[in-house]
Amino acid sequence: GSGTDASGYGYNPGSPFATIDYAVAFCTANNGDVILCLPGHADTISAAGEMALDVAGITIRGLGEGTDQPTITLDTVDTADIDIDAANVTIDHMHIVAGVADIVAAIDVNADDFTLRNCR
């Protein structure tokens, strides 16, 4: 399904959360929590700070290859960004797309030990 940002969702592939930002709130700091983005997942960020990765020690990991790789699209304004606001955050195997020209800073790192791995 397309997902829903509400209680009762996000714990199995048949009823996922709609957005990464919402899923972050269900993580526990420094617990090794991983948010899996299924093939075809699409997240759109339309404002500065709309996606705040603010729980320490989490990993956002995409599943799928090629056109099925999950995407995060920075759209609408050139200040749209992903904020890294906690230490030890990793983004792995995601496709990050500029939906508008001249994005100021796609990823705004404000904490130590951020890792961006296997992304395009």
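Here goes a summary of the coordinates provided.

Each value, and the rule that gives it
Residues numbered from 1 in each chain as written. Predicted model: local features only at pLDDT ≥ 70, side-chain atom pairs only at ≥ 80, totals over all residues. Heavy atoms only, no water. Helix = DSSP H or I, 4+ residues; strand = E, 2+ residues; numbered from the N terminus. Contact = heavy atoms within 4.5 Å. Pairing = 2+ DSSP bridges. Axes fitted to C-alpha atoms, helices over the stretch in contact; angles between N-to-C directions.

### Brief notes about the environment of alanine 106
Working step 1: In this structure, alanine 106 sits in the loop between strand E8 (95-98) and strand E9 (107-109).
Working step 2: Along the chain, alanine 106 and threonine 79 lie 27 residues apart, while their C-alpha atoms are 7.9 Å from each other.
Working step 3: Filtering out sequence-adjacent residues up to four positions away, alanine 106 remains in contact with Leu74, Asp81 and Ile82.

### Here's the deal with the sheet that holds strand E3 (residues 51-53)
Working step 1: One open sheet accounts for three strands, arranged E3-E6-E9; its pairing is parallel. One side of each edge strand has no neighbouring strand; the edge strands of this open sheet are E3 and E9. With strand direction ignored, the average angle separating the axes of adjacent strands in the sheet is 20°.
Working step 2: Note that E3 and strand E6 (residues 82-84) share three bridges and pair parallel. Each bridged residue has a counterpart across the sheet, and for leucine 53 the counterpart in E6 is isoleucine 84.

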